[in-house]
Amino acid sequence: MENFSEVPLEKAYEMLSGAKAVLVCTKGKNYNVTPYGWFTTYDYEPVTKVLFSSDPTHQAALNIHKTSEFAICIPKDENDPIIMQTGSVSSPDADKFSQFGIKGEKASKIDVQVLPENSKGIIEFKLVKVIKESTVELFLGEAVAAYKAK
């Protein structure tokens with residue numbers, strides 16, 4: 001990714017500090033982007049690990065169950081309209097990239113489209129585990145690549 005530099009995986013969690021929302025990128029029938037406001041790191045040695053809470057019926061959750069991978073984009077601007085726009089649609093047929101004019105770019109290690117133009121940091125993850133708790137699922141992922149805007 002042009003204008004991004006690689007971040008050591010044990011330091012990737014630092015990019016999430018202070019973020020109020022993240023954009024989770026997945027792939028199903030189409031590439032997908034979904035905002036999440038509840039996320040946290042749970043480990044960083046030897047690599048960053050993160051968890052986030054999702055309604056199991058949301059398209060991002062369904063996609064992660066199928067592919068076992070996702071990326072987190074940390075928005076440059078917490079008021080970026082993409083956050084609200086991408087949260088307004090959840091359908092296996094939705095193409096949010098086309099619908100909202102989002103420019104995506106192929107992630108480096110997993111098969112998702114990430115949003116470098118809108119992001120100050122991007123972390124790619126492999127799924128570690130899903131924990132069902134009441135009406136939500138907690139998705140735990142381990143970083144496989146991380147990049148910070150220059």
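Since this is a predicted model, take the numbers as computed values, not measurements. (Residues numbered from 1 in each chain as written. Predicted model: local features only at pLDDT ≥ 70, side-chain atom pairs only at ≥ 80, totals over all residues. Heavy atoms only, no water.)

This model, assessed by the stated rule, comprises five aromatic pairs. Measuring from centroid to centroid gives 5.4 Å for phenylalanine 52 and phenylalanine 70, while their planes differ by 75°, and the two rings are edge-to-face. Of this pair, phenylalanine 52 sits in strand E5 (residues 49-54) while phenylalanine 70 sits in strand E6 (residues 69-75), and the two are 18 residues apart along the sequence. The two residues phenylalanine 52 and phenylalanine 70 agree in class, both being buried. In this structure an aromatic cluster arises from ring pairing among Tyr36, Phe52, Phe70, Phe125 and Phe139. (Phe/Tyr/Trp six-rings, centres within 6.5 Å; stacked < 30°, edge-to-face > 60°. Helix = DSSP H or I, 4+ residues; strand = E, 2+ residues; numbered from the N terminus. Buried < 20%, exposed > 50% of the residue type's maximum accessible area, 1.4 Å probe, protein only.)

Turning our attention to the state of the cysteines. Tallying each qualifying case throughout the model produces zero disulfides. Left unpaired, cysteine 73 is separated from the closest cysteine sulfur, that of cysteine 25, by 3.7 Å. Residue class for cysteine 73 comes out buried when judged on its relative accessible area of 0%. (Disulfide = S-S within 2.5 Å.)

Next up on the list: empty space enclosed by the protein. Going through the model one piece at a time under the given rule, you end up with one cavity of 30 Å³ or more. Of the pockets and cavities examined, the largest cavity occupies roughly 40 Å³. Lining the largest cavity we find Gly28, Lys29, Asn30, Tyr31, Asn32, Gln59, Asn63, Ser91, Pro92 and Ala94. Of all the secondary structure elements, the ones that give two or more residues to the lining of the largest cavity are strand E3 (31-36) and helix H1 (59-67). Of the residues contributing to the lining of the largest cavity, the split by class is three nonpolar, six polar and one charged. (1 Å grid on protein atoms, 1.4 Å probe; cavity = no way out; pocket = protein on both sides within 12 Å on 5 of 7 lines; lining within 4 Å. Points joined across faces, edges and corners; volume = space filled by probe spheres on them. Nonpolar A, V, L, I, M, F, W, Y, C, P; charged D, E, K, R; others polar.)

In terms of burial, E6 is a largely internal element, seven of the seven residues being buried. Where burial is concerned, the two faces of E6 agree: the one with Glu69, Ala71, Cys73 and Pro75 and the one with Phe70, Ile72 and Ile74 are both buried. Bridge analysis of E6 against strand E9 (residues 119-133) gives seven bridges, and the strand direction is antiparallel. Counted as the bridge partner of isoleucine 74 is glycine 121 from E9. (Pairing = 2+ DSSP bridges.)

This part covers the side chain of glutamate 137. Within the fold, glutamate 137 resides in strand E10 (residues 136-149). Buried and without a salt bridge, glutamate 137 has lysine 132 as its closest oppositely charged side chain, separated by 5.2 Å. Among the polar contacts listed, one links the side chain of glutamate 137 to the side chain of histidine 65, at a separation of 2.8 Å. The residues touching glutamate 137, leaving out its near neighbours within four places in the chain, are Phe52, Ser53, Ser54, Pro56, His65, Val130, Ile131 and Lys132. (Lys, Arg positive; Asp, Glu negative; His and termini not counted. Salt bridge = Lys/Arg side-chain N within 4 Å of Asp/Glu carboxyl O. Polar contact = N/O pair within 3.5 Å; in protein donor to acceptor, adjacent residues only side chain to side chain. Contact = heavy atoms within 4.5 Å.)

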